[in-house]
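Summary of structural features
Okay, here's what each chain looks like letter by letter:
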Amino acid sequence: MTISLRGLTKVFPGGVRALDSLDLEIGEGEFFALLGPSGCGKTTLLRSIAGLETPTSGAVAIGGADVTALPPGRRDVAMVFQDYALFPHMDVTANIAYPLRIKKVPRARREAAAAEVAGRLSLAELLGRRPGQLSGGQQQRVALARAIACRPKVFLFDEPLSNLDARLRLEARTFLKRLQDELGVTTVFVTHDQGEALALAHRIAVMDAGRITQVGAPSEIFHRPATPFVASFIGSTPMNLLPGRVVVGASGPALHVAGAVLPAPPGLPDGEEVVYGIRPEYTDLSAAPREDAFPGTVAVLENLGTSTLVTLESAREGGDGLVQVVVPEGQEPPVGGAAWAVPRPERALVYRGDRLVGPR
Ligand code: ATP
């Protein structure tokens, strides 16, 4: 089922504008992630699709039909919450079968459906247990099983992995990806974890203050973030975002950024202020000075396992910036020494205000 949101606005009593005239189209069978900082409106958007929140204005359509005025029970969506919302006094079978009980499906049929889904989610051995007797990962699978058992047209997940520890979270992520591929049900997934969104989604919407800043495939969002906000939000190590200025000299325009002279995208006027973005992974370290490098002093080394994150403090007169570089393991520079961070020009992103202007 497709999901279509038109001019969706939600103003809470007290005046908080959680959604601000938001438009969004989600395709049939898509695994779609809503990503953004705390308070940007992700949960409100998901709840509006579910029918748990009434929009102040705008419309929600599912499968081409306007459902704005329909209650949650008539929208054919299943929502999995962060805390799983399992019934503690019911066993696993009863929990999974609960929505079918509400739909008045006869007991034998709903228990058969629960057993079938439980088998698929490796819960067959646990059917007689109560939630309190299950691990976090098992509880999460029961919540998923309950959502799947009623065969909804749309899945809505609100941070379903956030209560799991790091290892289980990775396992559950792979599991969820396979399950969605297999079922092919349109899925909207809220997360504030950019790694999770990149790993799982066909497309990602990055939200900020009730609006969508960018929608795109994970590689698009990662490699061509539309604004410095999106750039700062995506990536396991934060992108270097440095103020710079266009200087048009005898040999054409160049960017002057944190002590480096770098190639400029075409068409920028002399004196224009820009933001220069380069990921630490796309920056190399040089032990000798170079014109196209940011000079600095090695301030911090952070072990990332197979690589090391190096933080340089700008050595520039009056400079107060930090630049980060990822170096392969075994190539760490000494702390306190001078070093030069060399951005790979083909990977650089240049922003003029909130607009990406290079590379073209
Ligand atoms: P988080 O990642 O922290 O869950 P979120 O992106 O899901 O955040 P929402 O929960 O959608 O954000 O909240 C968006 C804004 O609306 C916030 O400023 C929040 O405080 C406000 N808000 C949410 N629910 C209500 C409510 N029932 N009454 C008043 N304000 C609310």
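Residues numbered from 1 in each chain as written. Predicted model: local features only at pLDDT ≥ 70, side-chain atom pairs only at ≥ 80, totals over all residues.

Counting secondary structure elements, the protein contains eight helices and 21 strands. Projected onto its principal axes, the C-alpha positions of the protein cover 80 × 45 × 35 Å. Residues counted as buried form 37% of the 360 residues belonging to the protein. Taking contacts inside the protein between residues at least 6 apart in sequence as the whole, the part at least 24 apart equals 63%. (Helix = DSSP H or I, 4+ residues; strand = E, 2+ residues; numbered from the N terminus. Buried ≥ 20, exposed ≤ 12 C-beta atoms within 10 Å, placed from the backbone. Contact = placed C-beta atoms within 7 Å.)

If you check the shell around the ligand, you find 13 residues, and the closest are F12, A18, S38, T43 and T44. It is helix 1 (residues 42–50) that contributes the most residues to the shell around the ligand, three residues altogether. Per-class residue counts for the shell around the ligand are four nonpolar, eight polar and one charged. (Near = placed C-beta within 6 Å. Nonpolar A, V, L, I, M, F, W, Y, C, P; charged D, E, K, R; others polar.)

As a further point, take the sheet that holds strand 5 (residues 65–66). Two orientations exist for strands paired in a sheet by backbone hydrogen bonds: parallel and antiparallel. Reading across from one edge, 2-1-4-5 is the order of the four strands in this open sheet, with antiparallel pairing throughout. Sheet topology places strand 2 (17–26) and strand 5 at the edges, where each strand pairs with a single neighbour. With six bridges connecting them, strand 1 (residues 3–11) and strand 2 associate as antiparallel partners. Residue pairing in the sheet places I3 in a bridge with I26 of strand 2. (Pairing = 2+ DSSP bridges.)

The next subject is the UniProt feature "domain: ABC transporter" (unreviewed entry) in the protein. Sites flagged by UniProt as "domain: ABC transporter" (unreviewed entry) map to residues 3–234. Segment residues 3–234 splits into 37% helix and 25% strand. End C-alpha atoms: 25 Å apart. (UniProt positions renumbered as here; feature names shortened; annotations may be inferred.)

This brings us to the environment of V16. As for its position among the elements, V16 is in the loop between strand 1 and strand 2. We classify V16 as exposed; it has 12 C-beta atoms within 10 Å.

With that settled, the discussion passes to helix 4 (residues 136–149). An ideal rise of 1.5 Å per residue puts 20 Å on 14 residues; helix 4 measures up with 20 Å between its terminal C-alpha atoms. Of all 14 residues that make up helix 4, 11 are buried, and the element is covered over most of its length. Residues of helix 4 that are buried include every one of Q139, Q140, R141, V142, A143, L144, A145, R146, A147, I148 and A149, and no others. At its buried positions, helix 4 is contacted by strand 6 (77–80), helix 2 (92–102), helix 3 (107–120), strand 7 (154–158) and helix 5 (166–183). A positive backbone phi angle near 45° is found at R151, which sits one or two residues after helix 4. (Expected span 1.5 Å × (residues − 1).)

As for its placement among the helices and strands, G64 is situated in the loop between strand 4 (57–62) and strand 5. G64 gets classed as exposed once you count the C-beta atoms within 10 Å, which come to 8.

Any two packed helices are characterised by how steeply their axes cross, that is the angle between the axes, and by the distance between the axes. Direction vectors running N to C along helix 2 and helix 4 enclose 30°, while the axes themselves pass 8 Å from each other. On the basis of the axis angle, helix 2 is roughly parallel to helix 4. Like other packed secondary-structure pairs, helix 2 and helix 4 cross with a definite hand, here right-handed. Only V142, A145, R146 and A149 of helix 4 make contact with helix 2, whose side of the interface consists of V92, N95, I96, A97, Y98, P99 and L100. Its residues assigned to classes, the contact of helix 2 with helix 4 shows nine nonpolar, one polar and one charged. (Axes fitted to C-alpha atoms, helices over the stretch in contact; angles between N-to-C directions. Parallel < 35°, antiparallel > 145°, perpendicular 65-115°, else oblique. Left-handed = near helix turned anticlockwise from the far one by under 90°.)

As assigned here, the protein comprises domain 1 (3–229) and domain 2 (240–358). Between domain 1 and domain 2, the C-alpha centre-to-centre distance is 39 Å. Contacts between domain 1 and domain 2 engage five residues on the former and seven residues on the latter. Of the residues belonging to the side of domain 1 that touches domain 2, the class tally is three nonpolar, one polar and one charged. (Domains from an automatic or database assignment.)

So, on to the pairing of strand 12 (residues 252–257). Here strand 11 (residues 240–249) runs beside strand 12; their pairing, made up of six bridges, is antiparallel. Of the residues in strand 12, the one forming a bridge with V248 is P253. What sits between the antiparallel neighbours strand 11 and strand 12 is a turn of two residues. Where strand 12 lies against strand 13 (residues 260–263), four bridges are found, and the strand directions are antiparallel. Residue pairing for strand 13: A254 is matched across the bridge by P263. Hairpin geometry of strand 12 and strand 13 is characterised by an intervening segment of two residues between the two adjacent antiparallel strands and by a positive phi of about 45° at A258.

In spatial order, the strands read 15-19-16-17-18; together these five strands make up an open sheet with antiparallel pairing. Looking at the sheet topology across the chains shown, the edges are occupied by strand 15 (283–286) and strand 18 (322–328). Going from strand to strand, the sheet's axes swing by 45° on average, the running direction of each strand aside.

With respect to the helices and strands, the residue V246 is situated in strand 11. For the pair V246 and L268, spaced 22 residues apart in sequence, the C-alpha to C-alpha distance is 7.0 Å. Discounting chain neighbours no more than four positions away, the residues touching V246 are P253, L255, A264, L268, P269, D270, G271, E272 and V274.

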